[in-house]
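For reference, the chains in residue letters:
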Amino acid sequence: MEQMLNFAQGPLFRLAFAVLVVGLLRRAILMAWPAYVAWRRARDQSIRWSNYFKDLESWLFPLTHAMTSRLVFTAVSYFFHVGLILVPIFLADHVSLWTVSISLTLPALPKSVADILTILTMAGVTFLLVSRFVHPMMRKLSKWEDYTVLILILFAFISGYVAGRSWNPISYNAMLLLHVVSAEILMMAVPFTKLSHCILFPFARLCSEIGSKLASDINYTYVSPITRGKRP
Amino acid sequence: MSHKNHYLPRPMKPVEDESFDAFLQAMEKVLQEGNYGVPLSIFADLCTGCLRCADQCQVFQASGEARDVPHSRTEEVIRIYREFFHPRANGWFSRRKQQQDIREQFNLRDLNENLYRCTLCRRCTEECPMGIDHRLVARFGRQVLSEMGIVPQNMGGSTHEQIFGIGNTSAFPRPAIIDALEFLEEDTYDTYGLKCTFPQDKEGAEYLIFHPVSDYMMEAETLMGIGIVMDLIGHDWSVSTYYADAINYGLFFDDGALMMVLDKMVQETKRLKAKKVVIGECGHATRSALGYWKSHFESEGIEIMSILQVTAEALRQGKLSPKREKNPQKIVLHDPCNIVRGCGIITPQREILEACSMDYVEMKPNGVKNYCGGGGGSIVICEDLEPFRNQVAGKVKADQIKVSGAEMVCAPCANCKKMLRELVDHHKLPVTVIGLHDLLAKSLMVEAPQDTAPTAA
Ligand code: SF4
Ligand code: SF4
């Protein structure tokens, strides 16, 4: 057990982290390079930055959007994201793992705050899972990936939360192993699933704007269906 | 598929090749010519299926069908792009299987119908946390269809007339336009007691106005209103009788058509040596011109603006003195998507309405958050889609109008007016539909026509 745990927290963790970083970098490049090329060839190279930043800001603090529609859903997803980002990075135990494995020193969250965030996240992810299942239209349009990702997150959070508790039904090490491995699977899944929206999200609006621009090197012409095929 | 109702915009000609490969080929060409691949490549991974977009789409709200959730409307196109054109994110393992699935499920008719169930209003994008632009994807899909030769009958016919035929979408010969202008002159005097000229093909006039050409037959009051305003301001203006049309359906389905129409406008402007081009009361014409002119023709040194901006500016400078009492009715303002969300023109129409009417109210929601009337994105042009637009796409708007309790709906857009009139008829709403400059003209009216009636400037 000890050995396995050491392996999971050591080499396996470094591997997962590498997959995460390299995978996301690959996604970023696959997005940024074509976007740059498209922008270079666009007739109109202006970008409405102020609109862009206003829009981005409105989603980083989505109060007005929450008021527009789906107040509860939006609020829950928001706080779920806060926990999901903060806890894996700044929980005290994680901070020491960062230091040991990739020698990165980070400030740690106070335990009580981390606990509250963890509970919020678990509640949030459960809510999202249930609503995906209960809401008829959401159920209809959800793919297996949507469920898997949520279940994986839920599992990683629950196992991490339970491991250190006195009422942990199995041994500390066993639970910790489950936690570490599930979290590492999650990390490796990020670049290959919809979780990659963590890096793509800020750029979607930019890509849309560039995508709607016409190219300067093309002489746009229209072939009417009436004369189609009649061309010399 | 087992949908309750089918509303398919009939293509102009029978489709030559309905196969999936023909679709792929067309898609490849469109991707090469444009920049659409950039957003398409990330949209699939971004969508979390939160369905906020469903709450925003007036089509889904009325139909409740899964295919009308914006997320599903564009899903197929995005998926095809991803599996066939993009160096895929989640590996190479399942690609062949995915491609096979797509091939088997592909149904050109359904796709065509689906893409023409979107009014291209862009309301969903405003509320998508991920910024997925369904309008852009639907527009891209239509471009691919057009590349295959699939264009709805009415739109294809009008566009053909405009680019390759008589020179405008309504196929009015030049004498008809000249007649109409002369008639407008007389009628302005008879109706409003104002002597006002409608200069034709005046070389070197500062302002050249392009109206949506259908206005010459259908919306004479709007044209009179604009004529009166231009005269009272004292602008040196003119319209062309050779190339008169601002309508640009290319915005809805084909970049080639879009550019060719714009090019015609630029050529005519240069021929008449005008410095400023004004687009009449029309949403999509304003967006296609303002949105693409700057980038493509700015080097020509020709300025471009909407008539709403011109009139609002004149009001601000006190060059017009409308009498609000002339329009005492309760009037509700409809925002055309292409003007508010497309061009960001939000206050000018409100300033004008405020100045020329006693009791104007807003729809809820309004401005950039407005609802499309149901005829956007060419839906109002296609005959085959009439039941769809009145029963489904326009339902939310009809309810909005009902709730407002107004006697009049004012819409500064030719297509919106046509759509709203149909809606009012269909839902038997106790309102009349009117253009913005129609109202302004009424408020500028001189009591009784006299020979000493004030002339312009
Ligand atoms: S709002 Fe955006 S992210 Fe949510 S389901 Fe619709 S397209 Fe997907
Ligand atoms: S653009 Fe408008 S009509 Fe089209 S899917 Fe979005 S909200 Fe619906």
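Definitions and cut-offs
- Residues numbered from 1 in each chain as written.
- Chains lettered and ligands numbered in written order.
- Predicted model: local features only at pLDDT ≥ 70, side-chain atom pairs only at ≥ 80, totals over all residues.
- Heavy atoms only, no water.
- Helix = DSSP H or I, 4+ residues; strand = E, 2+ residues; numbered from the N terminus.
- Rg over C-alpha atoms; globule rule 2.2 N^0.38 Å.
- Buried < 20%, exposed > 50% of the residue type's maximum accessible area, 1.4 Å probe, protein only.
- Contact = heavy atoms within 4.5 Å.
- Areas by Shrake-Rupley, 256 points an atom, 1.4 Å probe, with all protein chains shown as cover.
- Pairing = 2+ DSSP bridges.
- Axes fitted to C-alpha atoms, helices over the stretch in contact; angles between N-to-C directions.
- pLDDT = per-residue confidence, 0-100.
- Near = heavy atom within 4 Å.
- 1 Å grid on protein atoms, 1.4 Å probe; cavity = no way out; pocket = protein on both sides within 12 Å on 5 of 7 lines; lining within 4 Å.
- Sits in = over half its atoms within 2 Å of the grid points.
- Nonpolar A, V, L, I, M, F, W, Y, C, P; charged D, E, K, R; others polar.
- Points joined across faces, edges and corners; volume = space filled by probe spheres on them.
- Polar contact = N/O pair within 3.5 Å; in protein donor to acceptor, adjacent residues only side chain to side chain.
- Buried area = accessible area lost by both parts, 1.4 Å probe.
- Salt bridge = Lys/Arg side-chain N within 4 Å of Asp/Glu carboxyl O.
- Domains from an automatic or database assignment.
- Patch = residues over 30% accessible without salt bridge, like charges linked within 9 Å, V, L, I, M, F, W, Y side chains within 5 Å.
- Lys, Arg positive; Asp, Glu negative; His and termini not counted.
- Charge placed at Lys NZ, Arg CZ, Asp CG, Glu CD.

Caption draft 1: Molecular detail of the overall build of chain A. Within chain A one finds twelve helices and zero strands. Walking chain A from its N terminus toward its C terminus, one meets helices and strands in the order α-α-α-α-α-α-α-α-α-α-α-α. For 232 residues, the compact-globule formula gives about 17 Å, and the C-alpha radius of gyration of chain A, at 23 Å, lies well above that figure. Based on the C-alpha atoms only, the size of chain A along its principal axes is roughly 80 × 40 × 35 Å. Looking at chain A as a whole, 45% of its 232 residues qualify as buried. Sequence separation of 24 or more characterises 68% of the internal contacts of chain A that already satisfy a separation of 6 or more. If you sum the accessible surface of chain A, you get close to 12800 Å²; carbon and sulfur atoms cover 73% of it.

Caption draft 2: Quick look at the sheet that holds strand β6 (residues 359-362) of chain B. Residues and elements named next belong to chain B. The parallel open sheet is built from four strands, whose spatial order is β6-β5-β7-β8. This sheet does not close on itself; its edge strands, each paired only once, are β6 and β8 (432-434). Strand-to-strand twist in this sheet, taken as the mean axis angle between neighbours without regard to direction, amounts to 30 degrees. Taken together, the four bridges between strand β5 (residues 330-333) and β6 define a ladder with parallel strand orientation.

Caption draft 3: Just the confidence of the model for chain B, in detail. Per-residue confidence for chain B averages 89 on the pLDDT scale, and 94% of its residues sit at or above 70. With pTM at 0.92, the complex prediction returns an ipTM value of 0.91.

Caption draft 4: The arrangement of the site of ligand 2 in detail. All names here are of chain B. Taken together, the residues surrounding ligand 2 are Cys-57, Pro-70, Arg-73, Cys-118, Thr-119, Leu-120, Cys-121, Arg-122 and Cys-124. Under a 2 Å grid-point criterion requiring more than half of the atoms, the pocket assigned to ligand 2 is the second largest cavity. By residue class, the composition of the shell around ligand 2 is six nonpolar, one polar and two charged.

Caption draft 5: How the structure looks around empty space enclosed by the protein. Residue and element names in this part refer to chain B. Within the structure shown, the criterion is met by nine cavities of 30 Å³ or more. Of the volumes computed, that of the largest cavity is approximately 220 Å³. Elements supplying a minimum of two residues to the lining of the largest cavity: α14 (250-253), α16 (283-297), α18 (337-340) and α22 (414-426). There is about 100 Å³ of room inside the second largest cavity. Considering the residues around the second largest cavity, the lining is formed by 14 residues, among which Cys-57, Arg-73, Cys-118, Cys-121 and Cys-124 are closest to the centre. Looking at the lining of the second largest cavity, the elements with two or more residues in it are α4 (58-63), α5 (70-85), α8 (123-126) and α9 (134-147). Broken down by class, the residue content of the lining of the second largest cavity amounts to six nonpolar, three polar and five charged.

Caption draft 6: Looking closely at the side chain of Ser-142 of chain A. Residues and elements named next belong to chain A. Summarising the element assignment, Ser-142 is placed in the loop between α8 (136-141) and α9 (144-163). With a relative accessible area of 14%, Ser-142 lands in the buried category. In this structure the side chain of Ser-142 is engaged in a polar contact, spanning 2.6 Å, whose partner is the backbone oxygen of Met-138. Beyond its immediate chain neighbours, meaning those up to four positions away, Ser-142 contacts Arg-132 and Tyr-147.

Caption draft 7: Representation of the interface of chain A and chain B in the model. Counting from both sides, the interface comprises 52 residues of chain A and, opposite them, 68 residues of chain B. Contact between chain A and chain B buries roughly 4900 Å² in total, counting both sides, with carbon and sulfur atoms accounting for 59%. The largest per-residue losses of area from chain A upon contact with chain B belong to Tyr-220, Tyr-222 and Arg-228 of chain A, which jointly make up 15% of the total buried on that side. Counting the contacts that link chain A with chain B gives three salt bridges. In this structure, Arg-70 of chain A engages Asp-55 of chain B in a salt bridge whose closest nitrogen and oxygen atoms are separated by 3.3 Å. There are 19 residue pairs in polar contact (both at pLDDT 80 or more) connecting chain A and chain B. Mapped by element, the contributors of at least two residues to the side of chain A that touches chain B are α2 (11-41), α4 (63-68), α5 (71-90), α8, α11 (197-200) and α12 (204-211) of chain A. In terms of residue class, the side of chain A that touches chain B is built from 26 nonpolar, 13 polar and 13 charged.

Caption draft 8: Just the sheet that holds strand β1 (residues 207-210) of chain B, in detail. Residues and elements named next belong to chain B. Spatial strand order, β2-β1-β3-β4: four strands in an open sheet with parallel pairing. Across the chains shown, the open sheet's two edge strands, defined by having one partner strand only, are β2 (237-239) and β4 (303-306). Within this sheet the neighbouring strands show an average axis-to-axis angle of 30 degrees, counted without direction. Relative to strand β3 (residues 276-279), β1 is paired through four bridges, and the arrangement is parallel. Its bridge partner lying in β3, Phe-210 is registered against Ile-279. The sheet contacts of helix α15 (residues 255-271) involve β1 and β3, and relative to β1 the element is tilted by about 150 degrees.

Caption draft 9: Examining the environment of Asn-5 of chain B more closely. Residues and elements named next belong to chain B. If you trace the backbone, Asn-5 turns up in the segment before α1 (20-33). Residue Asn-5 is classed as partly exposed on the basis of its relative accessible area of 37%. Other than its neighbours up to four places away in sequence, Asn-5 contacts Arg-67, Glu-113 and Arg-117.

Caption draft 10: View of the pattern of salt bridges. Counted under the stated rule, the structure contains 43 salt bridges over all chains. For the salt bridge of Arg-132 of chain A with Asp-146 of chain A, the shortest nitrogen-to-oxygen distance reads 3.8 Å. Of this pair, Arg-132 of chain A sits in helix α7 (residues 111-134) while Asp-146 of chain A sits in helix α9, and the two are 14 residues apart along the sequence. Residue class for Arg-132 of chain A comes out buried when judged on its relative accessible area of 9%. Across the salt bridge formed by Glu-113 of chain B and Arg-67 of chain B, the nearest N and O atoms sit 2.9 Å from each other. Residue Glu-113 of chain B is found in helix α7 (residues 108-115), and its partner Arg-67 of chain B is found in the loop between α4 and α5; the two are separated by 46 residues along the sequence. Sharing partners across several salt bridges, the network here consists of Glu-65, Arg-67, Asp-68, Arg-73, Glu-113 and Arg-117 of chain B.

Caption draft 11: The arrangement of the domain arrangement of chain B in detail. Residues and elements named next belong to chain B. When cut into domains, chain B gives domain 1 (15-150), domain 2 (158-316) and domain 3 (324-444). Computed from C-alpha atoms alone, the centre-to-centre distance between domain 1 and domain 2 is 35 Å. Between domain 1 and domain 2, the residue contacts involve eight residues of the former and seven residues of the latter. In total, about 620 Å² of surface goes out of reach between domain 1 and domain 2, with carbon and sulfur atoms giving 29% of it. The tally of links from domain 1 across to domain 2 stands at one salt bridge. At the boundary of domain 1 and domain 2, one finds seven residue pairs in polar contact (both at pLDDT 80 or more). Taken together, the residues of the side of domain 1 that touches domain 2 break down into three nonpolar, two polar and three charged.

Caption draft 12: Representation of a negative patch on the surface in the model. A cluster of acidic side chains, namely Asp-179, Glu-182, Glu-186 and Asp-190 of chain B, defines a negative patch on the protein surface. With respect to the secondary-structure elements, Asp-190 of chain B resides in helix α11 (residues 174-192).

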